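# Close look at the chain arrangement
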Amino acid sequence: LECVTKEVLRFAPIAAGIVRQAMRDDVMDGIQVKKGDIFLIAIQNLHRDPRYWNIDPSKFVPERFLDEDRNPPP
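Here is a short report on the structure shown in this document. (Residues numbered from 1 in each chain as written. Predicted model: local features only at pLDDT ≥ 70, side-chain atom pairs only at ≥ 80, totals over all residues. Heavy atoms only, no water.)

### Quick word on the side chain of Glu 7
We count it as follows: Note on conventions: DSSP H or I runs of at least 4 residues are helices, E runs of at least 2 residues are strands, and numbering of each starts at the N terminus. Each polar contact in these results corresponds to two N or O atoms within 3.5 Å; when the atoms are within protein, one needs to be able to donate a hydrogen and the other to accept it, and residues that are neighboring in sequence are counted only if both atoms are side-chain atoms.
Residue placement: Glu 7 occurs in helix α1 (residues 2–11). Reaching out from Glu 7, the side chain makes a polar contact with the side chain of Arg 10 at a distance of 2.8 Å. Within the structure, Glu 7 has its side chain in polar contact with the backbone nitrogen of Val 61 (distance 2.7 Å).

So this is what it looks like as structure tokens:
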């Protein structure tokens, strides 16, 4: 049941995205970020990104949380 719950939330997240504000000037992937800049982080994009999941993230597979994807990156 826990695996199904996690997979439902991964596959169809409750929120489309979250908003964050830069606390200081920085450079991210070659892009200049200034203190106060606002970012929208698209949750579904992260949850479907193959760089973060061992099992195909486009498929609904609750068993992923038993083995390979048990502890995805925060």
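### A short note on the packing of aromatic side chains
Centre distance and the angle of the planes are the two values used to describe a pair of aromatic rings. In plain terms, the rule: Paired rings are identified among Phe, Tyr and Trp, the last through its six-membered ring, by centres lying within 6.5 Å, and are further divided according to the angle between planes into stacked (under 30 degrees), edge-to-face (over 60) and tilted (the rest). For every residue, the accessible area (1.4 Å probe, protein chains only) is compared with the maximum for its type, and the residue is labelled buried under 20%, exposed over 50%, or partly exposed between those bounds. Counting as a charge over the ring demands two things of the Lys NZ or Arg CZ atom: a distance within 6 Å of the ring centre and an angle within 35 degrees of the ring normal.
Under the counting rule described, the total for this entry stands at two aromatic pairs. With a centroid separation of 5.6 Å and an interplanar angle of 90 degrees, the aromatic rings of Phe 11 and Phe 60 are classed as edge-to-face. Of this pair, Phe 11 sits in helix α1 while Phe 60 is found in the segment after α2 (43–47), placing the two residues 49 residues apart along the sequence. Taking relative accessible area as the criterion, Phe 11 reaches 25% and is therefore assigned partly exposed. With 6.0 Å between their ring centres and 80 degrees between their planes, Trp 53 and Phe 65 make a pair best called edge-to-face. In this pair, Trp 53 is assigned in the segment after α2 and Phe 65 in the segment after α2, connecting sequence segments 12 residues apart. Each of the two residues, Trp 53 as well as Phe 65, counts as buried. In this structure, Arg 10 is placed above the aromatic ring of Trp 53, and the distance from its NZ or CZ to the ring centre is 5.3 Å.

Purely geometric numbers; function is a separate question.
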